[in-house]
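Geometric and topological summary
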Amino acid sequence: MKFGVVVFPGSNCDQDCYYVVSNVLRQQVRYIWHKDTELGGVDCIILPGGFSYGDYLRTGAVARFSPVMKSIIDFAQKGGLVIGICNGFQILLEAGLLPGAMLRNTNLHFICKYVYIKTYNHKTPFTCLCKNGQVLKIPIAHNEGNYYIDNLSLEELKRNNQIVFRYCSSDAEVSADFNPNGSLDNIAGIVNKKGNVLGMMPHPERSAEKILYSEDGLNIFKSIIKWLDKK
Amino acid sequence: MLKAEIRITLKKAVSDPQGLTIKRALESLGYQDLEDVRIGKFVVIRLRCKDINSAQEQIDGMCKKLLANPIIEEYQFKIEEEGRTA
């Protein structure tokens with residue numbers, strides 16, 4: 001299995017993603033510079049967290065015009081697996097690969113802490129090893145994670161089972177009390193209609209080893225590997 | 001030279017966490033008549049272009065492609081001839 005981690009100016013979780021794939025999961029991985037137009041035959045693209053282009057204008061707004069994005073959009077349209085984490089999610093939204101947009105967190109704070117998320121769709125390539133309703137403990141670290149979409153499109157997301165994760169309590173209660181950032185309907189992660197592009201605000205690469213107090217993020221990476229193995 | 005002033009704000013239907021916070025801050029200063037506070041962006045672009053119609057087309061394109069996100073934001077702009085500086 002070959003992963004590609006895209007590096008934009010300002011990405012800062014690229015090395016963590018690379019480390020988890022190579023050292024923890026023992027899979028092939030390469031960096032893809034944002035100016036590259038060749039993806040090098042990878043099976044899965046990771047858009048890592050960070051502050052691409054300093055978050056200027058809007059998070060992800062400038063990164064989506066990087067040369068590499070055209071290849072990634074082609075790759076995604078052909079069914080290739082793409083996971084955007086945090087800023088990667090924001091870039092996918094700006095690029096139109098996922099619907100909706102991000103607003104500032106309602107409390108205006110940069111929030112960096114462990115949260116719980118509940119799995120609502122365990123049939124995606126990114127969650128196929130999760131049980132339905134499984135709660136994962138994965139940290140968030142963002143200033144703009146307040147997901148917004150208009151009502152009609154929200155209904156469509158629900159109808160198509162595109163909401164993959166919602167913020168919840170440690171025992172799977174989903175309510176405003178456990179919504180860290182004001183995100184609509186407690187949304188923490190969504191997939192596109194085809195299910196091959198995932199965006200999520202929590203950082204699975206930061207919860208992939210015991211020493212980090214949670215290995216729940218491995219569920220995501222291992223699901224991808226299992227899914228690709230089956231193909 | 002033409003100067004375009006672009007105002008980008010969140011749509012009415014979209015909540016504005018910054019605006020709400022500023023509203024509360026202003027109220028704590030004693031301003032009690034506030035119905036609403038909205039925060040936006042103000043962009044000034046100087047264009048090497050003489051034709052206002054062409055400038056309008058260009059600025060509108062810029063807003064649609066990059067400067068505003070149509071899912072959450074709306075924009076307005078005005079374009080005028082820049083006064084010559086001495």
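Each remark here, short or long, concerns the structure printed above.
Please read these numbers as outputs of a predicted model, since none were measured by experiment. (Residues numbered from 1 in each chain as written. Chains lettered and ligands numbered in written order. Predicted model: local features only at pLDDT ≥ 70, side-chain atom pairs only at ≥ 80, totals over all residues. Heavy atoms only, no water.)

**Overview of the interface of chain B and chain A**
Definition in use: We call two residues in contact whenever any of their non-hydrogen atoms come within 4.5 Å of each other. Buried surface area refers to the total accessible area, computed with a probe of radius 1.4 Å, that the two partners give up upon joining, counted for both partners together. Salt bridges are defined by distance alone: a side-chain nitrogen of Lys or Arg within 4 Å of a carboxyl oxygen of Asp or Glu.
Counting residues at the interface gives 16 residues for chain B and 16 residues for chain A. Buried area between chain B and chain A, both sides added, is near 1300 Å², and the carbon and sulfur share of it is 67%. It is Pro 17, Leu 66 and Ile 71 of chain B that lose the most area in chain B upon contact with chain A, and together they represent 37% of the buried surface on that side. Here chain B is connected to chain A by 1 salt bridge.

**A closer look at helix 2 (residues 67-77) of chain A**
Residues and elements named next belong to chain A. Where we set the bar: Each residue is assigned to one of three classes by its accessible area relative to the maximum for its type, calculated with a 1.4 Å probe on protein chains only: buried under 20%, partly exposed between the two thresholds, exposed over 50%. Counting from the N terminus, the helices are the DSSP runs of H or I reaching at least four residues and the strands are the DSSP runs of E reaching at least two. The directions considered for the arc are those from the helix axis to the C-beta atoms.
Those residues of helix 2 that fall on the buried side of the exposure criterion are Val 68, Met 69, Ser 71, Ile 72, Phe 75 and Ala 76. Projected onto a plane normal to the axis of helix 2, the buried residues spread over an arc of 160° and lie on a single side. In helix 2, the exposed positions that point more than 90 degrees away from the buried face belong to Lys 70 and Gln 77. Looking at the buried side of helix 2, the elements it contacts are strand 1 (2-7), strand 2 (28-33), strand 3 (44-47), strand 4 (81-85), helix 3 (87-94) and strand 11 (197-200). Phi turns positive one or two residues past the end of helix 2, at Gly 79, with a value near 100°.

**Section: the pattern of salt bridges**
Counting across every chain of the model gives 12 salt bridges over all chains. Among the ionic pairs, Glu 94 of chain A bridges to Arg 58 of chain A, the shortest N-O distance being 2.8 Å. Here the residue Glu 94 of chain A occupies a position in helix 3, and Arg 58 of chain A occupies one in the loop between strand 3 and helix 2, the gap between them amounting to 36 residues. Note on Glu 94 of chain A: relative accessible area 12%, which makes it buried. The class of Arg 58 of chain A is buried, set by a relative accessible area of 10%. Here Lys 23 of chain B makes a salt bridge to Glu 27 of chain B, at a shortest N to O gap of 3.1 Å. Here Glu 27 of chain B and Lys 23 of chain B lie together in helix 1 (residues 17-28), a separation of 4 residues that amounts to about one turn. Residue classification places Lys 23 of chain B among the buried residues on the basis of a relative accessible area of 19%. Its relative accessible area of 22% is what places Glu 27 of chain B among the partly exposed residues.

**Some points on the sheet that holds strand 4 of chain A**
All names here are of chain A. Definition in use: One requirement defines pairing of two strands: DSSP has to find at least two bridges between them. Helix axes use the C-alpha atoms of the stretch in contact, all axes being lines fitted to C-alpha atoms, and the angles between their N-to-C directions lie in the range 0 to 180 degrees.
With mixed pairing, the 9 strands of this open sheet are ordered in space as 2-1-3-4-11-10-9-6-7. Looking along the sheet, the strands with just one partner apiece sit at the ends: strand 2 and strand 7 (135-142). Each strand of the sheet is rotated relative to its neighbour by a mean of 25°, with strand direction disregarded. Inspection of the sheet shows strand 6 (residues 111-119) paired to strand 7 by 8 bridges, in the antiparallel sense.

**Side note on the sheet that holds strand 2 (residues 40-47) of chain B**
Residue and element names in this part refer to chain B. The 3 strands lie next to each other as 2-1-3, forming an open sheet whose pairing is antiparallel. Every interior strand has two partners, whereas the edge strands, strand 2 and strand 3 (73-81), have only one. Each neighbouring strand pair of the sheet contributes to a mean axis angle of 15°, computed without reference to strand direction. Pairing analysis gives 9 bridges linking strand 1 (residues 2-10) to strand 3, with the strands arranged antiparallel. Looking at strand 3, one finds that Glu 5 is bridged to Lys 78. Together, strand 1, strand 2 and strand 3 form the strand contacts of helix 2 (residues 52-67), whose direction differs from that of strand 3 by roughly 155°.

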